[in-house]
Amino acid sequence: MIKRITGVLLFIAALLVQTGYGQRIMGAAIVGLNATQVDGDEVYGYKNFGLNAGLSAIVPFNNKWSVSVENIYSEKGAHQRVKYLDSLDGSYDLKLNYLEVPVLLHFTDKDIVTFGAGMSWGRLVKVWEQRNGYEMPATTLESGIYRSSDLNFLLDVRFRVFERLRFNARYAYSIRPIATREIIDSKTGRPNIRDQYNGLFSFRLIYVFNERLSRESRRQGPQPQF
């Protein structure tokens, strides 16, 4: 799957260069923080924090509309601090780390704020689970408890801090379950089969490269390369 996506992206990039869009493409470096939870695990709140970092290519069609493709390392999961002073202390930690490829369509208003929406596909690269202070050895990549991939829809807003720097806030949620697990209901104490979904808010800084050259190229119009 990764090879197919990489091949498609390389083909699109080559096509854009041949049609003169190569001079318009902007690059970006991204670093920020995820605040995440897993719906369906009886642990509530965006209390798990993780890294969100990577690179992006941005292709503007004009001064308002653009599309971006990212290659991101994203740490997701859930967290519950200690609640009780006994061996079953109520604590819980789940780490789900992904390599993601988000694709978004953007609209920029007055060259200040940019709104975006899209989807992302992620490959699970690390799983770790701890309950009541004890690691759960059965929860691994190989166990298949969690799906190997995560498909999300995205909502995104970016504010220009200064010429090249943007502040970005993003919301993402799984389109399909990442797992189906038996969970003990916190109110009744009975087991319950629940679908689980990743939910997250990301707060990131985006540093854009090649923006000035991209604008000059758009003013001149596309210049095919032969």
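None of the values given here were measured: they were computed from a predicted structure.

Peer 1: Can you lay out the pattern of salt bridges for me, pointing to particular residues and giving the numbers?
Peer 2: Taken as a whole and judged by the stated rule, the model has eleven salt bridges. Connected via shared salt-bridge partners are Glu 70, Asp 156, Arg 158, Arg 170 and Arg 204.

Peer 1: Break down the pairing of strand β7 (residues 149–160) for me, citing the residues and quoting the values.
Peer 2: For strand β5 (residues 113–131) and β7, the ladder comprises eleven bridges, and the chain directions are antiparallel. What sits directly across from Trp 121, in β7, is Leu 151. By the bridge criterion, nine bridges tie β7 to strand β8 (residues 165–174) in an arrangement that is antiparallel. From the neighbouring strand, Leu 155 faces β8, where its bridge partner is Tyr 171.

Peer 1: How would you explain the nonpolar core if you had to name every residue and give the values?
Peer 2: Core analysis: the biggest nonpolar cluster contains twelve residues, these being Val 38, Val 43, Ala 78, Tyr 92, Leu 94, Leu 96, Tyr 98, Leu 124, Val 127, Tyr 146, Ile 178 and Ala 179. Secondary structure elements with two or more residues in this core: β4 (92–109) and β5. Sort the elements by how many residues they give to this core and β4 lands first, with four residues. Every residue in contact with Ala 78, bar those within four places of it in the chain, is listed here: Val 38, Asp 41, Asn 48, Tyr 92, Asp 93 and Leu 94. Counting residues in hydrophobic clusters, the runner-up holds seven residues, among them Ala 28, Ile 72, Ile 206 and Val 208.

Peer 1: Before we move on, can you summarise the packing of aromatic side chains with the specific residues and values?
Peer 2: Under the definition given, this model contains six aromatic pairs. With a centroid separation of 5.0 Å and an interplanar angle of 70 degrees, the aromatic rings of Tyr 46 and Phe 201 are classed as edge-to-face. Within this pair, whereas Tyr 46 is found in the loop between β1 (26–39) and β2 (48–60), its partner Phe 201 is found in strand β10 (residues 191–209), the two being separated by 155 residues in sequence. Centre to centre, the rings of Phe 153 and Tyr 171 are 6.2 Å apart; their planes meet at 65 degrees, and the pair counts as edge-to-face. Here Phe 153, found in strand β7, pairs with Tyr 171, found in strand β8; they are 18 residues apart in sequence, far enough to count as distant. Tyr 171 gets classed as partly exposed once you look at its relative accessible area, which sits at 23%. Aromatic rings pair up to connect Tyr 46, Phe 153, Tyr 171 and Phe 201 into one cluster. Sitting over the face of the ring of Tyr 98, Lys 76 holds its NZ or CZ atom 4.8 Å from the ring centroid.

Parameters at a glance
Residues numbered from 1 in each chain as written. Predicted model: local features only at pLDDT ≥ 70, side-chain atom pairs only at ≥ 80, totals over all residues. Heavy atoms only, no water. Salt bridge = Lys/Arg side-chain N within 4 Å of Asp/Glu carboxyl O. Pairing = 2+ DSSP bridges. Helix = DSSP H or I, 4+ residues; strand = E, 2+ residues; numbered from the N terminus. Core = buried A, V, L, I, M, F, W, Y, C linked by side-chain atoms within 4.5 Å. Buried < 20%, exposed > 50% of the residue type's maximum accessible area, 1.4 Å probe, protein only. Contact = heavy atoms within 4.5 Å. Phe/Tyr/Trp six-rings, centres within 6.5 Å; stacked < 30°, edge-to-face > 60°. Lys NZ or Arg CZ within 6 Å of the ring centre and 35° of its normal.

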